[in-house]
Amino acid sequence: MGKVFVFDHPLIQHKLTYIRDKKTGTKEFRELVDEVGSLMAFEITRELPLEEVEIETPVQKATSKVLAGKKLGLVPILRAGIGMVDGMLKLIPAAKVGHIGLYRDPKTLQPVEYYVKLPSDIEERDFIVVDPMLATGGSAVAAINSLKTRGATSIRFMCLIAAPEGVDALKEAHPDVDIYIAALDEKLNEKGYIVPGLGDAGDRLFGTM
Ligand SMILES: O=P(O)(O)OC[C@H]1O[C@H](OP(=O)(O)OP(=O)(O)O)[C@H](O)[C@@H]1O
Ligand SMILES: O=c1cc[nH]c(=O)[nH]1
Ligand SMILES: [Mg+2]
């Protein structure tokens, strides 16, 4: 079964409070989501494998560590996932970025896929699917289905805020996928929004309320 990790680093928790606050406007919201994207990228890459290489410092020859293993692929779920990608790329600039476009039908809450563009070397990469919100879980499950159908075998999911319903749905559908979140909230409301949540992440990022 996939594991769930909550990033309780004080800087992430502090910034998340201002992201949640309805008084935070679009510009600041975007900046904060970008910053938390970087901080979460730092945490999620903690276990990346290293290998020793030979180098020469100005003083003498030395062995030192560099990243080894499979290359990374980031896959934001459009639109809102885009808000976290630049922050992540600041720390892992060589990652390739695929995009999966999905919106949640407001009546049925079912995801509707409208765009998929992924790196060509899918089997070679460890993917991190990124979306600020894991609500019913429908969008994350569909995005990961889409990646797996195209050949991805190593996938993790990262979001800012998750509802217990979304975590359960994702674990059930994709038990091989570990989930990384900044906060696990209380529940979903009758419209499928996370409570207390932050509202509609895409609308707040792009100012489309
Ligand atoms: O877990 P779920 O119930 O599927 O809900 C979560 C999805 O809803 C939001 O996207 P939205 O449909 O609002 O699209 P947007 O990013 O274009 O605003 C959010 O960014 C997730 O993708
Ligand atoms: O609370 C929620 C639920 C789904 N999508 C959002 O953007 N926010
Ligand atoms: Mg939205």
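Residue positions within a chain follow its written sequence, with the count starting from 1. To label them, take the chains in the order written and letter them from A, then take the ligands in the order written and number them from 1. Two thresholds apply to this predicted model, a pLDDT of at least 70 for residue-level local features and 80 or more for giving and counting side-chain atom pairs, whereas whole-chain, interface and lining totals are computed over all residues. The side-chain quantities take in all heavy atoms of the structure and omit both hydrogens and water.

A. Spotlight on the overall build of the protein. Only DSSP runs of H or I covering at least 4 residues are called helices, and only runs of E covering at least 2 are called strands; the numbering of each starts at the N terminus. Assigned secondary structure in the protein consists of six helices and 13 strands. The size measure is the radius of gyration over C-alpha atoms, and the globule rule it meets is 2.2 Å times the number of residues to the 0.38 power. The C-alpha atoms of the protein give 18 Å as radius of gyration, which agrees with the globular expectation for 209 residues (17 Å, within 12%). Taking the principal axes of the C-alpha coordinates as reference, the protein spans close to 65 × 40 × 30 Å. By the burial criterion, 46% of the 209 residues in the protein qualify as buried. Intrachain contacts of the protein at a sequence separation of at least 6 include 63% that bridge at least 24 residues. What sets the accessible areas is the Shrake-Rupley method with a 1.4 Å probe; for residues, cover comes only from the shown protein chains. When the accessible surface of the protein is totalled, it reaches about 11000 Å², and 54% of it is carbon and sulfur. Relative accessibility thresholds used throughout: buried, under 20% of the residue-type maximum; exposed, over 50%; partly exposed, between the two (1.4 Å probe, protein chains only). When checking whether two residues touch, look at their non-hydrogen atoms; a contact exists if any pair is within 4.5 Å.

B. Geometry of the side chain of Arg156. Structurally, Arg156 is set in strand β10 (residues 154–162). For the buried Arg156, no salt bridge is present, and the opposite-charge side chain at shortest range is Asp126, 6.2 Å distant. In terms of polar contacts, Arg156 uses its side chain to reach the backbone carbonyl oxygen of Ile44, at 3.1 Å. A polar contact of 3.3 Å, which involves the side chain of Arg156, links it to the side chain of Tyr180. With residues up to four places along the chain from it excluded, the contact list for Arg156 reads Ile44, Phe127, Ile128, Val129, Val177, Asp178 and Tyr180. A positive count includes Lys and Arg, and a negative count includes Asp and Glu. His and the chain ends are not counted in either. The term salt bridge refers to a side-chain nitrogen of Lys or Arg lying within 4 Å of a carboxyl oxygen of Asp or Glu. Counted as a polar contact is a pair of N or O atoms within 3.5 Å, where, for protein atoms, one must be capable of donating a hydrogen and the other of accepting one, and residues adjacent in sequence contribute only when both atoms are in side chains.

C. Summary view of the UniProt feature "binding site: uracil" (unreviewed entry) in the protein. Taken from the UniProt record, the annotation "binding site: uracil" (unreviewed entry) applies to Ile194, Gly199, Asp200 and Ala201. Along the polypeptide, Ile194 turns up in strand β13 (residues 194–195). Setting aside residues up to four positions removed in sequence, Ile194 forms contacts with Met133, Leu134, Ala135, Ile161, Ala162, Ala163, Asp185, Lys187 and Leu188. With respect to the secondary-structure elements, Ala201 resides in helix α6 (residues 201–206). Once residues lying within four places of it in the same chain are set aside, the contact partners of Ala201 are Phe29, Ala80, Pro132 and Met133. UniProt positions are given in the numbering used here, feature names are shortened, and annotations may be inferred rather than shown by experiment.

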